Amino acid sequence: MAEPSAATQSPSISSSSSGAEPSAPGGGGSSGACPALGTKSCSSSCAVHDLIFWRDVKKTGFVFGTTLIMLLSLAAFSVISVVSYLILALLSVTISFRIYKSVIQAVQKSEEGHPFKAYLDVDITLSSEAFHNYMNAAMVHINRALKLIIRLFLVEDLVDSLKLAVFMWLMTYVGAVFNGITLLILAELLVFSVPIVYEKYKDPSKTPRNRQKKGRITTWKPEMQQLLKHHLIVIMSLLVL
């Protein structure tokens, strides 16, 4: 009589064991997923890539225009003046819009409320956990920078310290021609122009797939080289003048 009971129990055991097997891959898949920091860094890098390659023209144009105006303003005025003018401009826009909406509501006798209520209700408080995460991520980079500075200035490796000395000596000549704001303007113009020009004029026959087949590197079209050369000459001449 014990054998039939064992036989009746064996399907349940086998079903439970078979049911446990699919759960293992699921658990392995969840453990192999990207961590939160990795997904954030990947999404941020993709956002920067889309921004540089002008995927959204309005968004890239807004970022490029505002940053360029900021840098040009800092090149012509002091930081205090630029910040003050920016705050005054922002307050002028918001106060004018607030008064305009109040007048419209009074004339139409509507009860729409505050025009910026949707933005005022947004929770922008920074939690302690998020603050500690940002601080931990920043401390990693700060510690690496401190170790690198100590290693270079205390001459742990003579070759690396000599490379830094030569680089700083060359930067003295660069600083005699350009200041820091000019270099930032030049860097921004190159970042927002060279990638899109390269993507537009690169040779489609030299794609990475064809490069693996033929064993050759990606080449640029001659017109692209001339365009980039002309582009750099114009930017340099404008910044020098």
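See the structure above.
Here's a quick rundown of the structure. All values derive from a computational prediction rather than experimental measurement. (Residues numbered from 1 in each chain as written. Predicted model: local features only at pLDDT ≥ 70, side-chain atom pairs only at ≥ 80, totals over all residues. Heavy atoms only, no water.)

## Re the environment of leucine 68
Note the cut-off: Only DSSP runs of H or I with at least four residues qualify as helices, and only runs of E with at least two residues qualify as strands; both kinds are numbered from the N terminus onward. Using a 1.4 Å probe on the protein chains alone, a residue whose accessible area is under 20% of its type maximum counts as buried, one over 50% counts as exposed, and one in between counts as partly exposed. Should any heavy atoms of two residues lie within 4.5 Å, those residues are counted as being in contact.
Among the secondary structure elements, leucine 68 is positioned in helix α3 (residues 57–76). The class of leucine 68 is buried, set by a relative accessible area of 18%. Taking the C-alpha atoms as reference, leucine 68 lies 7.5 Å from glutamate 188; in sequence the two are 120 residues apart. Ignoring any residue separated from it by four or fewer positions in sequence, one finds leucine 68 in contact with Ile185, Glu188 and Leu189.

## Description of the side chain of serine 193
The test is simple: Under the rule applied, a polar contact is a pair of N or O atoms within 3.5 Å (in protein, one hydrogen donor and one hydrogen acceptor; residues adjacent in sequence only if both atoms are side-chain atoms).
Here serine 193 shows up in the loop between α8 (180–191) and α9 (194–201). Residue serine 193 is classed as buried on the basis of its relative accessible area, which comes to 11%. One polar contact links the side chain of serine 193 to the main-chain carbonyl oxygen of leucine 189, over a distance of 2.4 Å.

## A short note on a nonpolar patch on the surface
The following threshold applies: Residues enter patches when they are more than 30% accessible in relative terms and free of salt bridges; like-charged ones are connected within 9 Å and nonpolar ones (Val, Leu, Ile, Met, Phe, Trp, Tyr) within 5 Å. Here the open area of atoms and residues is found with the Shrake-Rupley method and a 1.4 Å probe, where only the protein chains shown may cover a residue. By definition, a salt bridge exists where a carboxyl oxygen of Asp or Glu is found within 4 Å of a side-chain nitrogen of Lys or Arg.
On the surface, Leu126, Phe131, Tyr134, Met135, Met139, Ile142, Leu146, Ile149 and Phe153 cluster together into a nonpolar patch covering about 920 Å² of accessible area. In this structure, leucine 146 sits in helix α6 (residues 128–153). Look at leucine 146 and you get partly exposed, because its relative accessible area is 46%.

## Describing the side chain of threonine 60
Here threonine 60 lies in helix α3. In contact with threonine 60, not counting residues within four places along its chain, are Asp50, Leu51, Trp54, Arg55 and Phe192.

## Brief notes about unusual backbone geometry
Positive phi values are uncommon outside glycine, yet tryptophan 54 reaches one of about 55 degrees. Within the secondary structure, tryptophan 54 is located in the loop between α2 (36–52) and α3. Under the relative-accessibility criterion, tryptophan 54 is labelled partly exposed at 25%. Within the chain, lysine 109 stands out as a residue other than glycine whose phi angle is a positive 55 degrees.

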